[in-house]
Amino acid sequence: MRLFAAALPPESAVEELAVRVRRLRQLPGADRLRWTGRAGWHFTLAFYGEVPDAVLPELRERLARAARRYEPIPLRLKGGGRFADRVVWAGADGGLPALRKLADSASAAARRAGVEMSGHRAYTPHLTVARNRGGALDLDPFVEALTDFEGGAWTVRKLALVRSRLPAGGVPGEQPRYETVAAWPLGR
């Protein structure tokens, strides 16, 4: 299974962001971006890729242990940014140090369970809203349109293990489908 660990925003936060994203989709060049659907909005904490079935029981056990070590984390969607000319994202504010530590623990849990993890890079809390389809497109107007965005406060209460099912191909605009396969409450 293709898996990742995530913090999932509540519907209220998703709705607030959706209002702003509708405005972004009216900007010049927006039709050249591939917009992620609301169902795909999440904060990836650790990406695992293809995980063998034999590793899943230990991965689940280690993620459950990791979740118990963290208290619920206050968060809100705030601002935005970009990764080079490829991705436009909404940012976060609140308990970011704790969220980063949870992301590190989710990665460590996978490594200890035997999941092959690619090189470690610093965690940047973000929720992807659009990807550049290629070609030269200035993403600055999209980032600027997110600068003053600030959603309401919410609390990350669970660490989720999410399955990603990639599109079969051939259908323009088809998005990956995400399914939460397990979740553990934060704290004891």
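Higher on the page you've got the structure.
Residues numbered from 1 in each chain as written. Predicted model: local features only at pLDDT ≥ 70, side-chain atom pairs only at ≥ 80, totals over all residues. Heavy atoms only, no water.

Chemist: Where do I start with the packing of helix H2 (residues 56–68) against helix H3 (residues 96–113) in this structure?
Modeler: For the pair H2 and H3, interaxial distance at closest approach is 9 Å and the crossing angle is 150°. The orientation of H2 with respect to H3, classified from their angle, is roughly antiparallel. Pair H2 / H3 crosses with right-handed handedness. The segment H2 lies against H3, with Glu-58, Leu-59, Arg-62, Leu-63 and Ala-66 engaging Ser-105, Ala-106, Ala-109, Ala-110, Arg-112 and Ala-113. Residues that form the contact of H2 with H3 fall into these classes: seven nonpolar, one polar and three charged. (Axes fitted to C-alpha atoms, helices over the stretch in contact; angles between N-to-C directions. Helix = DSSP H or I, 4+ residues; strand = E, 2+ residues; numbered from the N terminus. Parallel < 35°, antiparallel > 145°, perpendicular 65-115°, else oblique. Left-handed = near helix turned anticlockwise from the far one by under 90°. Contact = heavy atoms within 4.5 Å. Nonpolar A, V, L, I, M, F, W, Y, C, P; charged D, E, K, R; others polar.)

Chemist: Got a minute to help me understand the environment of Pro-97 in this structure?
Modeler: Looking at the secondary structure, you find Pro-97 in helix H3. Taking the relative accessible area as the measure of exposure, Pro-97 reaches 53% and is therefore exposed. Taking the C-alpha atoms as reference points, Pro-97 and Gly-152, separated by 55 residues in sequence, lie 19 Å from one another. (Buried < 20%, exposed > 50% of the residue type's maximum accessible area, 1.4 Å probe, protein only.)

Chemist: Would you mind going over a positive patch on the surface with me for this structure?
Modeler: A grouping of Arg-68, Arg-69, Arg-111, Arg-112 and Arg-188 is seen on the molecular surface, where their side chains present a positively charged patch. By the element assignment, Arg-111 lies in helix H3. With a relative accessible area of 45%, Arg-111 lands in the partly exposed category. (Patch = residues over 30% accessible without salt bridge, like charges linked within 9 Å, V, L, I, M, F, W, Y side chains within 5 Å. Areas by Shrake-Rupley, 256 points an atom, 1.4 Å probe, with all protein chains shown as cover. Salt bridge = Lys/Arg side-chain N within 4 Å of Asp/Glu carboxyl O. Lys, Arg positive; Asp, Glu negative; His and termini not counted. Charge placed at Lys NZ, Arg CZ, Asp CG, Glu CD.)

Chemist: Teacher, can you tell me more about H2 here?
Modeler: Residue pairs three or four apart in sequence face the same way in an α-helix, which turns once every 3.6 residues. Here H2 contains 13 residues, and its C-alpha end-to-end distance of 18 Å stays within 8% of the 18 Å for a straight helix at 1.5 Å per residue. In this structure, the buried side of H2 is in contact with strand E1 (2–7), strand E3 (43–50), H3, strand E8 (158–165) and strand E9 (177–185). (Expected span 1.5 Å × (residues − 1).)

Chemist: Which parts of the structure should I look at to understand the sheet that holds E3?
Modeler: Pairing between the strands of a sheet comes from backbone hydrogen bonds, and it takes one of two forms, parallel or antiparallel. Pairing is antiparallel in the open sheet, where four strands are placed in the order E3-E1-E8-E9. Every interior strand has two partners, whereas the edge strands, E3 and E9, have only one. Within the sheet, the average angular offset between the axes of one strand and its neighbour, ignoring direction, is 20°. Packing against the sheet, H2 makes contact with E1, E3, E8 and E9, and its axis sits at approximately 55° to E9. Contacts from H3 reach E1, E3 and E8, with the element oriented near 15° to E3. (Pairing = 2+ DSSP bridges.)

Chemist: Before we go on, may I ask you to explain the nonpolar core in this structure?
Modeler: As a rule of thumb, nonpolar side chains are buried together in soluble globular proteins. With 56 residues, the main nonpolar core has Leu-45, Tyr-48 and Leu-59 as its most contacted residues. Looking at which element gives the most residues to this core, the answer is H3, with eight residues. (Core = buried A, V, L, I, M, F, W, Y, C linked by side-chain atoms within 4.5 Å.)

Chemist: Even after reading the chapter, I still don't get the side chain of His-42, so can you show me in this structure?
Modeler: Within the secondary structure, His-42 is located in the loop between strand E2 (33–35) and E3. Residue classification places His-42 among the buried residues on the basis of a relative accessible area of 12%. Polar side-chain contacts of His-42 include one of 2.7 Å to the backbone oxygen of Gly-40. A distance of 3.0 Å separates a polar atom in the side chain of His-42 from a polar atom in the side chain of Thr-44. (Polar contact = N/O pair within 3.5 Å; in protein donor to acceptor, adjacent residues only side chain to side chain.)

Chemist: Got a minute to help me understand H3 in this structure?
Modeler: Between its first and last C-alpha, H3 extends 26 Å over 18 residues, near the 26 Å set by a 1.5 Å rise per residue. Residues of H3 that are buried include every one of Leu-96, Leu-99, Leu-102, Ala-103, Ser-105, Ala-106, Ser-107, Ala-108, Ala-109, Ala-110 and Ala-113, and no others. Those residues of H3 that are buried are in contact with E1, E3, H2, strand E4 (73–83), strand E5 (87–94) and E8. A positive phi of about 100° marks Gly-114, the residue just after H3.

Chemist: Sorry, what's going on with unusual backbone geometry here?
Modeler: Leaving glycine aside, a negative phi is the common case for residues, and trans is the common case for peptide bonds. Within the chain, Ala-84 stands out as a residue other than glycine whose phi angle is a positive 50°. Looking at where Ala-84 falls in the secondary structure, it is placed in the loop between E4 and E5. On the basis of relative accessible area, Ala-84 is assigned to the partly exposed category, the value being 44%.

No statement about biological role is implied by the geometric values presented.
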